[in-house]
Amino acid sequence: MSQDKVLFIATVYTHLAAFHTPFMRLLQDIGYEVYAAASPVGGRKEEVEAIGVKCWDIPFSRSPYSLGNLRALRELRRKLSTHHFALVHVHTPVAAFLGRYVAKAMGQGPILYTAHGFHFCKGAPLRNWLIYYIAERLASRWTDGLLVMNSEDFDNARRLGFEPGKNLFYVRGVGVDLNHYSYSSSASEYIRAELGLSPSEIVVTCVAEMIPRKNHMLLLSAWKKLATRCLDCYLLLVGTGKLMPVLQEKVKREQIPRVHFAGYRPDVAQILQESDIVTLTSKHEGLPRCIMEAMAVGKPVVATNVRGSRDLVEHGKTGFLVELGDVERLVSALERLIKNEKLRKAMGKAGLKKIQEYSLDKVLFKMETIYRRYLQRLPA
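Worth saying up front: this structure is predicted, and the values here are computed from it rather than measured.

Rules and cut-offs
Residues numbered from 1 in each chain as written. Predicted model: local features only at pLDDT ≥ 70, side-chain atom pairs only at ≥ 80, totals over all residues. Heavy atoms only, no water. Pairing = 2+ DSSP bridges. Helix = DSSP H or I, 4+ residues; strand = E, 2+ residues; numbered from the N terminus. Axes fitted to C-alpha atoms, helices over the stretch in contact; angles between N-to-C directions. Patch = residues over 30% accessible without salt bridge, like charges linked within 9 Å, V, L, I, M, F, W, Y side chains within 5 Å. Areas by Shrake-Rupley, 256 points an atom, 1.4 Å probe, with all protein chains shown as cover. Salt bridge = Lys/Arg side-chain N within 4 Å of Asp/Glu carboxyl O. Expected span 1.5 Å × (residues − 1). Contact = heavy atoms within 4.5 Å. Polar contact = N/O pair within 3.5 Å; in protein donor to acceptor, adjacent residues only side chain to side chain.

**Student:** Honestly, the sheet that holds strand 3 (residues 54-57) in this entry has me stumped. Any pointers?
**Tutor:** Strands belonging to one sheet form pairs held by backbone hydrogen bonds; the direction of such a pair is parallel or antiparallel. Reading across the sheet, the seven strands line up as 3-2-1-4-5-6-7 and stay open at both edges, with parallel pairing between neighbours. Either end of the sheet is taken by a strand with one partner, and the two such strands are strand 3 and strand 7 (168-170). Sheet twist, expressed as the average angle between the axes of neighbouring strands with direction ignored, equals 20°. Sheet analysis places strand 6 (residues 145-148) next to strand 7, joined by three bridges and oriented parallel. Bridging across to strand 7, Val148 finds its partner in Tyr170.

**Student:** Teacher, can you tell me more about a nonpolar patch on the surface here?
**Tutor:** Nonpolar side chains collect at one region of the surface, where Leu126, Leu130 and Ile134 lie side by side and expose about 320 Å² of accessible area between them. Within the secondary structure, Leu130 sits in helix 6 (residues 126-139).

**Student:** When you look at helix 15 (residues 341-354) in this model, what are you seeing that I'm missing?
**Tutor:** Here helix 15 is 14 residues long and its end C-alpha atoms lie 20 Å apart, about the 20 Å a rise of 1.5 Å per residue gives. Residues of helix 15 that are buried make contact with strand 8 (202-207), strand 11 (277-280), helix 12 (289-296), helix 13 (309-312), strand 13 (319-322) and helix 14 (327-338). Between the side-chain oxygen at the start of helix 15 and the backbone nitrogen of Lys342 there is a gap of 3.2 Å, and the oxygen is on Asn340.

**Student:** Before we go on, may I ask you to explain the sheet that holds strand 10 (residues 259-263) in this structure?
**Tutor:** The sheet built from six strands is open, its strands ordered 10-9-8-11-12-13 with parallel pairing. The open sheet is flanked by strand 10 and strand 13, the only strands paired with a single partner. Looking at each pair of strands side by side, their axes are set apart by 20° on average, direction ignored. Bridge analysis of strand 12 (residues 301-304) against strand 13 gives four bridges, and the strand direction is parallel.

What follows is the structure, given as structure tokens:
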């Protein structure tokens, strides 16, 4: 009976709730009892428990420098001492490192690691390479299978010693439920009603946590210039985060017009339906869910030319890619789409066609294949 359990590990439950409940259900459907170990900071634990997952609160910290991770290590070791898992699937850098170390040391079953975007990548600070690359090199010996979701990470994984088809797998992100995001040209317009906007006014939406990596400062710098050229366009920022007060102060201080902070919204699909253009100006990504969602509702995307985003956006076909820090090119790309409805529709249609390969159904099929490869036995 002890072999019929699988453990998911991530720094916080919010990550598991946002991305991994379909895969937990998949394992439940083939007969496994699923556990999760994460920090309750940020909430959403109840969403994981609601699907029948047994949760362990482990005080992981996102910072690799936090001494609190030593307590997390001890607590995870204590929990694992009374359980044996047929499979351990780890996520997020710090929790994944600690989880792999403890699980391997305590003789747990095979360990899978999904890299949602290595913190070492082209253009990343040297300290990221010194810390995260070395950590991943060390942890590779505790990793039975590595899953990556973009081409750059695939190449870096090979440099770490992983072999494609043997213990390295390219998975198209966490998938997007195309039924949930199915395009409808007749969608109601209650978001526009909230903002007091007419159907003819252009809405540019960014869905992203307000943290340095998402690089909202670049977007606001571009918007300040764009707003003087296009008077019927509005920027909608969806999400929260530690930089939200800083960004709000910048908008107020510099009097940047027509910027709306929507905060956390559970109705992202509806918001994207009502948007005309979606943008993301991140410094780096794994495989951004918000771009996948935008493509699933037939919207063109303007994004920075970084790992993950460029795996999704085909420049000139499904949207535009601009280089990091290039405010003028960002302004130009957005302005071109704002002023050309025909181009918006053509790029949105091309994006909708491309995103079919990233559907949740196809990703679930791929993940089941990988899981079955590593599970020592399947329940009857």
